[in-house]
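Close look at the chain arrangement
Chain residues, written in single-letter form:
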Amino acid sequence: VQLQASGGGLVQAGGSLKLSCTASGRTSLSTKSVNWHRRAPGMQRKWVARITSGSTTEYAASVTGRFTISRDRRQGTVYLQMNSLKEEDTAMYYCETFTFGRTFWGQGTEVTVSS
């Protein structure tokens, strides 16, 4: 199982980006719980958002109201729509899921928010 995160880039503060996470191998993200995490430069990794197998969503306080996690079940893709981006959102973003008895991480996609 491999996860691929994409969609990062450079954006001005107040702008938007949409990250995507897909899986290859023996699984699909259509019905899996998937988390997004981020690691800012020099900081520890932090959890950002979750979509459960039943599509319940949860968010860290720092992104509530600005970020939306969603899923396209047919494509098996999980998205993280990020609006009203702030400089402090600058980080490497990772998607993660638990399947086959272990945790899998994507390679990360970099988000840079400039002032």
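Our structure is the block above this text.
So, how was this worked out
- Within every chain, residues take consecutive numbers counted from 1 along the sequence as written.
- Local features in this predicted model are restricted to residues whose pLDDT is 70 or higher, and side-chain atom pairs enter the listing and the counts only when it is 80 or higher, whereas totals over whole chains, interfaces and linings include all residues.
- Remark: hydrogens and water are excluded; side-chain values derive from all non-hydrogen atoms of the structure.
- Secondary structure follows DSSP: runs of H or I at least 4 residues long count as helices, runs of E at least 2 residues long count as strands, and numbering of each begins at the N terminus.
- The globule rule is 2.2 Å times the number of residues to the power 0.38, and the radius of gyration it is compared with is taken over C-alpha atoms.
- Buried, partly exposed and exposed residues are distinguished by accessible area as a fraction of the type maximum, computed with a 1.4 Å probe on protein chains only: under 20%, between the cut-offs, and over 50%, respectively.
- In what follows, residue pairs with any heavy atoms lying within 4.5 Å of each other are defined as contacts.
- Exposure was quantified through the Shrake-Rupley algorithm and a 1.4 Å probe, taking into account, for residues, occlusion by the shown protein chains and nothing else.
- Under the counting rule used here, the positive set is Lys and Arg, the negative set is Asp and Glu, and His together with the chain ends is not counted.
- To locate a charge, the coordinates of NZ of Lys, CZ of Arg, CG of Asp or CD of Glu are taken.
- Nonpolar cores are built from buried Ala, Val, Leu, Ile, Met, Phe, Trp, Tyr and Cys residues. Side-chain atoms within 4.5 Å join them into one set.
- Centres within 6.5 Å make a pair out of two Phe, Tyr or Trp rings, where for Trp the six-membered ring is used; the pair is then stacked when the planes are under 30 degrees apart, edge-to-face when over 60, and tilted otherwise.
- Note on geometry: a ring has a charge over it if NZ (lysine) or CZ (arginine) is within 6 Å of the ring centre and within 35 degrees of the ring normal.
- Paired strands, in this sense, are two strands between which DSSP finds at least two bridges.

Here we take up the overall build of the chain. Summing up its helical and strand segments, the chain has 0 helices and 11 strands in all. When the helices and strands of the chain are read in sequence order from the N terminus, they spell out β-β-β-β-β-β-β-β-β-β-β. Expected size for 115 residues packed as a compact globule is a radius of gyration near 13 Å; at 13 Å, the chain falls within 12% of this value. Projected onto the principal axes, the alpha-carbon positions of the chain cover approximately 40 × 25 × 20 Å. Looking at the chain as a whole, 43% of its 115 residues qualify as buried. Contacts in the chain between residues at least 24 apart in sequence constitute 51% of all its contacts with a sequence separation of at least 6. Total accessible area on the chain is roughly 6,000 Å²; 47% of this is exposed by carbon and sulfur atoms. A distance of 9 Å separates the average location of the 14 positive side-chain charges in the chain from that of its 7 negative side-chain charges.

Formed by 26 residues in total, the largest nonpolar core has its most connected members in Trp-36, Val-48, Phe-67, Val-78, Leu-80, Met-82 and Tyr-93. Those elements giving two or more residues to this core turn out to be β1 (2-6), β3 (17-24), β4 (34-39), β5 (45-51), β7 (67-72), β8 (77-82), β9 (91-99) and β11 (109-114). With near-sequence residues (within four places) excluded, Met-82 lies in contact with Gly-15, Ser-16, Leu-17, Leu-19, Arg-66, Phe-67, Tyr-93 and Val-111.

By the definition in use, this model includes 0 aromatic pairs. Above the ring of Phe-100, the side-chain terminus of Arg-26 is found at 4.5 Å from the ring centroid. Over the aromatic face of Phe-104 sits the side chain of Arg-102, whose NZ or CZ is 4.0 Å from the ring centroid.

Every regular strand shows the same layout, with side chains that alternate between the two sheet faces. A large share of β8 lies buried, amounting to 5 of its 6 residues. Where β3 and β8 come together, 5 bridges link them in antiparallel fashion. Note on β8: the bridge partner recorded for Cys-21 is Val-78. As defined by bridge partners, β7 adjoins β8 across 6 bridges and the pair is classed as antiparallel. Opposite Arg-71, over in β8, you have Val-78 as the bridge partner. The turn linking β7 back onto β8 is made up of 4 residues, and Gly-76 within it adopts a positive phi angle of 65 degrees.

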